[in-house]
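Close look at the chain arrangement
For reference, the chains in residue letters:
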Amino acid sequence: MKVQMTVNCRQVSGEVEGRTLLVTFLRDGQGLTGTHTGCDTSQCGACTVHVNGQQVKSCTMFAVEAEGAEVATIEGMANADGSLSVLQQAFQDYHGLQCGFCTPGMVMAAASLLAKNPRPSEAEVRRHLEGNICRCTGYHNIVKAIMAASGQHVTAVAAE
Amino acid sequence: MYNFDFVKPSTVEEAVAALQDDEAQPLSGGQTLIPSMKQRLNAPGTLVSLLGIEALKGISSADGVLTIGGVTNHATVAAEAGAYPALAALAAQIGDPAVRNRGTIGGSLANNDPAACYPAAALASGATIVTNSREIAVDDFFQGMFTTDLEEGEIITSVKFPIPEVASYQKFEQPASRFALTGVFVTKYADGVRVAITGASEEGVFRWAEAEEALTANFSADALAALAVPSNAMITDLHGTAEYRAHLCKVMTGRAVAAAH
Ligand SMILES: Cc1cc2nc3c(=O)[nH]c(=O)nc-3n(C[C@H](O)[C@H](O)[C@H](O)COP(=O)(O)OP(=O)(O)OC[C@H]3O[C@@H](n4cnc5c(N)ncnc54)[C@H](O)[C@@H]3O)c2cc1C
Ligand code: FES
Ligand code: FES
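It should be emphasised that the depicted structure is a prediction, and the values quoted were computed from it without experimental measurement. (Residues numbered from 1 in each chain as written. Chains lettered and ligands numbered in written order. Predicted model: local features only at pLDDT ≥ 70, side-chain atom pairs only at ≥ 80, totals over all residues. Heavy atoms only, no water.)

On to the site of ligand 1, then. In the vicinity of ligand 1, 32 residues are found, and the nearest of them are Pro26(B), Leu33(B), Thr104(B), Cys117(B) and Arg178(B). Residues close to ligand 1 are split across chains A and B. A distance of 2.9 Å is found between an oxygen atom of ligand 1 and a side-chain nitrogen or oxygen belonging to His74(B). Within the side chain of Lys171(B), an N or O atom sits 2.9 Å from an oxygen atom of ligand 1. Relative to its free-state accessible area of 970 Å², ligand 1 is covered by the protein chains to the extent of 95%. Looking at the shell around ligand 1, the elements that each hand over two or more residues are strand S2 (24-27) and helix H6 (105-111) of chain B. Top element by residues in the shell around ligand 1 is H6(B). It accounts for four residues. Each residue belonging to the shell around ligand 1 can be placed in one class, and the counts come to 13 nonpolar, 15 polar and four charged. (Near = heavy atom within 4 Å. Polar contact = N/O pair within 3.5 Å; in protein donor to acceptor, adjacent residues only side chain to side chain. Areas by Shrake-Rupley, 256 points an atom, 1.4 Å probe, with all protein chains shown as cover. Helix = DSSP H or I, 4+ residues; strand = E, 2+ residues; numbered from the N terminus. Nonpolar A, V, L, I, M, F, W, Y, C, P; charged D, E, K, R; others polar.)

What follows is the structure in structure tokens.
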């Protein structure tokens, strides 16, 4: 089957099977390996991308289901000049990553939160990340990075 | 995962026609079906996506009844079911944001996972499940875990919820899966109280008749004091024993009564 969609504002198409997952199409078909497959069981959120502005797990959606859709991945998050976006820079500044495996999914999930809720509370940030698992950081620095990216003070973030 | 053909009709009639094929199965949000296909627990020959059918999307409310289209996703219910606040709150607690953007009410009810949230809401609300061919009273719909009254190829087109005077859903979350370890939905209507419990029983979602009777007489958590749910039909797994779940049924019912508004 042929599938067409917009990925990071670029029109792309490719030949897929029914069972080809969106994450497989992005990684193997388009070479966009920033989106990671962590669990492949819909649990970890490493594969989070945006489809028509909504965050979804690209391991739990078929590529054919994204026919005609606008898809955004981590590769489209940097500024036009290639520098890191405010959110990405905050992950670096606040040590919001260690191995970096979960980071693309974390950034995409956080971007989706900030688009709807530009100044979330710490509790809202933590709740929004329920579907994103990080095995390294213990989450505190990820939460700090997102609070900082939304222009808020991070010293107040609880070290629970 | 085995391969399959994919079709995406734009009307209910076309979907029903495509589902006449023995090997065909409906696909809604895929948040249950895709993981189960990866495990080869399911291997449909054709997937009939329902998400292209605009008539199955959306929420409306009239004459004290909230109607939700069969492929309306959890995020939409959370945001737009304000006429029935306890139901909107339930949808907002399902899984995580990505799951809520894809998963749908029809998929959840058709699947009837013993730990799913919507079955408790539907049963506690005396909802009506509307399909392409008939209307099913919720008391006849659920028939034990992962089993419903739906026929092969029949699809849920909408669900009608009579709006209660007050209600609350209290979910004791299984922290890894975020499903209900035990969840209780309590509603109070002019003609009585209904209590539906998910996550606890080997039989799937069920009504707790003794609690309904006691709460209809006296809508207060104290009315439950002398009652207990027997543990013999409860689920035991690594997250909790049957006795633990039986205890949670009572505790969460009390919390739901206290929180009902
Ligand atoms: C990480 C994670 C956490 C979750 N947490 C929760 C939770 O806390 N609470 C909860 O309740 N659920 C939870 N879920 C399940 C989620 O709500 C699913 O979305 C839902 O159970 C199934 O809906 P779906 O639209 O994705 O259905 P699908 O996966 O597309 O389909 C499920 C089944 O229903 C059938 N079907 C689908 N639509 C229809 C229809 N309209 N008519 C007839 N048959 C139909 C399909 O053929 C299939 O057999 C979770 C899922 C994940 C992945
Ligand atoms: S890889 Fe998709 S949720 Fe883990
Ligand atoms: S930084 Fe390693 S998993 Fe999150």
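Moving on, we come to the environment of Phe25(A). Residues and elements named next belong to chain A. Take Phe25: it is sitting in helix H1 (residues 22-29). Through-space distance from the C-alpha of Phe25 to that of Gln89 is 28 Å; in sequence the pair is 64 residues apart. Excluding residues within four positions of it along the chain, Phe25 makes contact with Val3, Met5, Val12, Ser13, Gly14, Val16, Thr20, Gln30 and Ala63. (Contact = heavy atoms within 4.5 Å.)

Once that is clear, we can look at the interface of chain A and chain B. At the junction of the two partners, chain A supplies 22 residues and chain B supplies 30 residues. A buried area of about 2,100 Å², summed over both sides, lies between chain A and chain B, and 53% of it is on carbon and sulfur atoms. Of all residues in chain A, the largest losses of buried area upon contact with chain B belong to Arg19(A), Phe62(A) and Glu65(A), amounting jointly to 27% of the total for that side. The interface formed by chain A and chain B includes three salt bridges. Linking chain A to chain B there are eleven residue pairs in polar contact (both at pLDDT 80 or more). Secondary structure elements with two or more residues in the side of chain A that touches chain B: strand S4 (54-57) and helix H4 (122-128) of chain A. Examining the composition of the side of chain A that touches chain B, we find that four residues originate from one element, S4(A), more than from any other. (Buried area = accessible area lost by both parts, 1.4 Å probe. Salt bridge = Lys/Arg side-chain N within 4 Å of Asp/Glu carboxyl O.)

All names here are of chain A. Along its sequence, chain A is organised into domain 1 (2-76) and domain 2 (86-149). Placing a centre on the C-alpha atoms of domain 1 and another on those of domain 2 gives a separation of 21 Å. If you look at the interface, domain 1 gives 15 residues, while domain 2 gives 14 residues. Here domain 1 and domain 2 share an interface that buries about 1,200 Å² over both sides, 58% of which is from carbon and sulfur atoms. Summed over the shared surface of domain 1 and domain 2, the result is zero salt bridges. The interface formed by domain 1 and domain 2 includes seven residue pairs in polar contact (both at pLDDT 80 or more). Contributing elements (two or more residues each) for the side of domain 1 that touches domain 2: strand S3 (48-51) and S4. A per-class count over the side of domain 1 that touches domain 2 returns four nonpolar, ten polar and one charged. (Domains from an automatic or database assignment.)

All names here are of chain B. In the structure shown here, the tally under the stated rule is six aromatic pairs over all chains. With a centroid separation of 5.1 Å and 80 degrees between ring planes, the pair formed by Phe141 and Phe142 is classed as edge-to-face. Considered together, Phe141 and Phe142 belong to a single accessibility category, that of buried residues. In this arrangement the basic side chain of Arg40 is found over the ring face of Tyr2, its NZ or CZ atom lying 4.2 Å from the centre. Just above the ring of Phe219 sits the side chain of Lys188; from NZ or CZ to the centre is 5.9 Å. (Phe/Tyr/Trp six-rings, centres within 6.5 Å; stacked < 30°, edge-to-face > 60°. Buried < 20%, exposed > 50% of the residue type's maximum accessible area, 1.4 Å probe, protein only. Lys NZ or Arg CZ within 6 Å of the ring centre and 35° of its normal.)

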